[in-house]
Amino acid sequence: MTTGFYTDERTFWAGGGNYAFTQPVAGLVQPFVGGGLPEAPETKRRFKNLMEVTGLIGDLSVRTAPEADRADLLRVHPATYLDTFKEMSDAGGGELGLRTPFGAGGYEICALSAGLAVDATRAVTSGDLRNAYSLSRPPGHHCLPEFPNGFCLMSNLAIAARAAQADHIGLRIAVIDWDVHHGNGTEAVFYDDADVLTISLHQEHNYPLDTGDFADRGAGNGVGTNLNIPLPSGGGHQLYLEAFDRLVEPAVRAHRPDLIMIACGFDAAAIDPLSRMLASADTFRQLTARTMALADDLCDGRIVMTHEGGYSEVYVPFCGHAVIEEMSGSSINAPDPYADTFRIRQPKSHFDDYARGLLDQMVAAL
Ligand SMILES: [Zn+2]
């Protein structure tokens, strides 16, 4: 069985709004020339381009998909939200939430971004593919059912997970979100769902500023099936792997999932403009290898990744390439030009001791 790579150029055309980086252009904030929000096509397109240049893409089953249909979207987003979004999109665009501008046709682009995740997940749960990666935009993990925020307008991963649950009654899913920001939208959708374990590794109080605390463990039937792992800024390769080994892996094993889904952001990388962490392409490679070993043990290797953040145009492609190499088992390599630099920049032992103490506290509190 093969690795699926779902993508569609049309999703790279999402746009709208007048921003200078994350600030609306107004008053003293000067407009960007040829730019805008950091959530932009270039990082994603260059990820795909690098795989074409190295030939890695030839080892994948490259596919597109139709837009997610209304029944798929309604499992996560209420009709009132979808109708308002569609009306504004048809009328030329606008903004519904926080940092979520969209242009004419933005609704259809978001439905396509979600649709790629839905089809990728269906292909894996049906046994057509061993694992799959969905590269699209806008991303989804911040979007709540009725509140788009953080560049996210539809909750792609959650829509795909709900579709898989509709196809396979009783399907148990473990979601691991290693985007550097808290997966607040995914958490909200599944907060009281005992069948879906949601885990978010993130830089503490980066975005959103007021969510992602360790104490938030779920509600109702879902108590214990949400796990936030807030990490201190400056944490790097070792901290991510230790957090995975000591907190993520035991939680996933205890959940006994039929499918593992990854909200895959590359914005914990040392060069990312929207975070202060020190991960590298090798960090994402090792996290992927660990996830694959877990999936092999627990659920016949079934993994679906949806692309979330990552804002370094030069570095996201190398992180993505490393992840896809692992997922596919390909021997085609793209050496990381920053590997030596980021290895030297890793935190020193006193920081590791401090960070390990934080992990100790979380492990003891579970
Ligand atoms: Zn992010």
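Just so it is clear, the model here is predicted, and its values are computed rather than measured. Chains are numbered independently. Their residues run from 1 in the order of the written sequence. Only residues with pLDDT of 70 or above have their local features reported here, since the model is predicted, and side-chain atom pairs are shown and tallied only from 80 upward, although totals for entire chains, interfaces and linings are computed over all residues. Side-chain numbers here rest on the full set of heavy atoms in the structure, without hydrogens or water.

## Focus on the overall build of the protein
What counts is decided by this rule: Each helix is a run of H or I in the DSSP string that is no shorter than four residues. Each strand is a run of E no shorter than two, and both are numbered from the N terminus. Our radius of gyration is a C-alpha quantity, and the globule rule it is checked against amounts to 2.2 Å times the number of residues to the power 0.38. Categorising residues by exposure relies on relative accessible area from a 1.4 Å probe, with only protein chains included: less than 20% of the type maximum marks a residue as buried, more than 50% marks it as exposed, and the intermediate range marks it as partly exposed. The contact criterion used throughout is that any non-hydrogen atoms of two residues lie within 4.5 Å. In this charge count, Lys and Arg are treated as positive and Asp and Glu as negative; neither His nor the chain ends contribute. Each charge is placed at NZ for Lys, CZ for Arg, CG for Asp and CD for Glu.
Across its full length, the protein holds eleven helices and twelve strands. Its C-alpha atoms give the protein a radius of gyration of 19 Å, within 12% of the compact-globule value 21 Å for 366 residues. For the protein, the C-alpha atoms occupy an extent of roughly 55 × 50 × 45 Å along the three principal directions. Out of the 366 residues in the protein, the part that is buried amounts to 57%. Relative to all contacts within the protein whose residues are 6 or more apart in sequence, the contacts with residues 24 or more apart total 77%. Averaging the coordinates of the 27 positive side-chain charges in the protein and doing the same for the 47 negative ones gives two points 3 Å apart.

## Some details on the coordination of the zinc ion
This is how the line gets drawn: For Na, K and Ca the donor cut-off is 3.2 Å; for every other metal, N, O and S atoms count as donors within 2.8 Å. Water does not enter the count, which can leave sites looking incomplete. Four donors are marked tetrahedral only if all angles between them lie between 85 and 135 degrees, whereas four are marked square planar and six octahedral if opposite donors are more than 155 degrees apart and the other angles lie between 65 and 115; the remainder are marked irregular.
In this structure, Asp179 (OD), Asp179 (OD), His181 (ND1) and Asp267 (OD) serve as the protein donors to the zinc ion, at separations of 2.0 to 2.7 Å. Between the four donor atoms coordinating the zinc ion, the angles at the centre fall across 54 to 157°, so the site counts as irregular. Read in sequence order, the donor residues for the zinc ion give the motif D-x1-H-x85-D. With His181 in the loop between strand 8 (173-177) and helix 6 (184-190) and Asp267 in the loop between strand 11 (259-264) and helix 8 (281-298), the pair connects residues that are 86 residues apart, well separated along the chain. Asp267 carries the same exposure label as His181, and that label is buried.

## Focus on the packing of helix 4 (residues 106-125) against helix 5 (residues 156-167)
Just so we agree on the cut-off: Note on definitions: angles span 0 to 180 degrees between N-to-C directions of axes, and those axes are lines fitted to C-alpha atoms, for helices only across the stretch in contact. Just so you know how the angles are binned, under 35 degrees is roughly parallel, over 145 roughly antiparallel, 65 to 115 roughly perpendicular, and the rest oblique. Rotating anticlockwise by less than a right angle from the far helix to the near helix defines a left-handed crossing, while the corresponding clockwise rotation defines a right-handed one.
Two elements in contact, helix 4 and helix 5, have axes whose closest approach is 8 Å; the angle formed by their N-to-C orientations is 40°. Accordingly, the angle class assigned to the pair helix 4 and helix 5 is oblique. For the pair helix 4 and helix 5, the crossing hand works out as right-handed. Residues Cys110, Ser113, Ala114, Ala117, Val118, Thr121, Arg122 and Thr125 of helix 4 form the contact with helix 5, whose participating residues are Asn156, Ile159, Ala160, Ala163, Ala164 and Asp167.

## Regarding the packing of aromatic side chains
Our working rule: Any two rings among Phe, Tyr and Trp, with Trp reduced to its six-membered ring, count as a pair given centres within 6.5 Å; such a pair is stacked if its planes are under 30 degrees apart, edge-to-face if over 60, and tilted if neither.
Enumeration over the complete set of coordinates arrives at 13 aromatic pairs. Their ring planes at 80° and their centres at 6.3 Å tell us that Phe47 and Phe266 sit as a pair that is edge-to-face. With Phe47 in helix 1 (residues 41-54) and Phe266 in the loop between strand 11 and helix 8, the pair connects residues that are 219 residues apart, well separated along the chain. Aromatic rings pair up to connect Phe5, Phe47, Tyr133, Phe266 and Phe284 into one cluster.

## Overview of the side chain of Gln165
Residue placement: Gln165 occurs in helix 5. Taking the relative accessible area as the measure of exposure, Gln165 reaches 14% and is therefore buried. In contact with Gln165, other than residues within four places in its own chain, are Leu171, Ile173, Phe190, Asp193, Asp195 and Val196.

## Brief notes about the pattern of salt bridges
The test is simple: For this document, the term salt bridge refers to a Lys or Arg side-chain nitrogen within 4 Å of an Asp or Glu carboxyl oxygen.
Within the structure shown, the criterion is met by 27 salt bridges. Glu42 is paired through a salt bridge with Arg46; the nearest N and O atoms lie 3.6 Å apart. Of this pair, Glu42 and Arg46 both sit in helix 1, separated by four residues, roughly a single helical turn. Assessed through its relative accessible area of 34%, Glu42 is described here as partly exposed. By relative accessible area, which is 33% here, Arg46 ends up partly exposed. Between Asp353 and Arg356 there is a salt bridge, with the nearest N and O atoms lying 3.5 Å from each other. Placement of both Asp353 and Arg356 in helix 11 (residues 349-365) is noted, with a separation of three residues, approximately one turn of the helix. Judged by relative accessible area, Asp353 falls into the partly exposed class, the value being 49%. Among the charged side chains, a salt-bridge network with shared partners connects Asp72, Arg75, Arg122 and Asp167.

## Focus: the state of the cysteines
Basically, it comes down to this: Throughout, a disulfide means two cysteine sulfur atoms within 2.5 Å of one another.
According to the stated counting rule, one finds zero disulfides in the structure shown. Free of any disulfide, Cys143 has its nearest neighbouring cysteine sulfur in Cys152, separated by 6.8 Å. On the basis of relative accessible area, Cys143 is assigned to the buried category, the value being 0%.

## Regarding the pairing of strand 12 (residues 303-307)
Rules: One requirement defines pairing of two strands: DSSP has to find at least two bridges between them.
By the criterion of burial, strand 12 is predominantly enclosed, with five of the five residues buried. Of the two faces of strand 12, the one holding Ile303, Met305 and His307 and the one holding Val304 and Thr306 are both buried throughout. In this sheet, strand 12 lies alongside strand 7 (residues 131-135) in parallel orientation, the contact comprising four bridges. Across the sheet, the residue bridging to Ser134 is Thr306, located in strand 12. The pairing of strand 11 with strand 12 spans five bridges and is classified as parallel. Note that in strand 12 the partner of Ile262 across the bridge is Met305.

## Remarks on the environment of Thr100
Threshold: Polar contact criterion, stated in full: a pair of N or O atoms within 3.5 Å, where within protein one must be able to donate a hydrogen and the other to accept it, and residues adjacent in sequence count only if both atoms are side-chain atoms.
With respect to the helices and strands, the residue Thr100 is situated in the loop between strand 5 (93-95) and strand 6 (101-103). In sequence terms Thr100 and Pro145 are 45 residues apart; their C-alpha atoms lie 14 Å from each other. The contacts of Thr100, once residues within four sequence positions are left out, are Gly94, Glu95, Pro148, Asn149, Gly150, Phe151, Cys152 and Leu153. One polar contact links the side chain of Thr100 to the main-chain amide nitrogen of Gly97, over a distance of 3.3 Å.

Nothing here speaks to function; it is geometry throughout.
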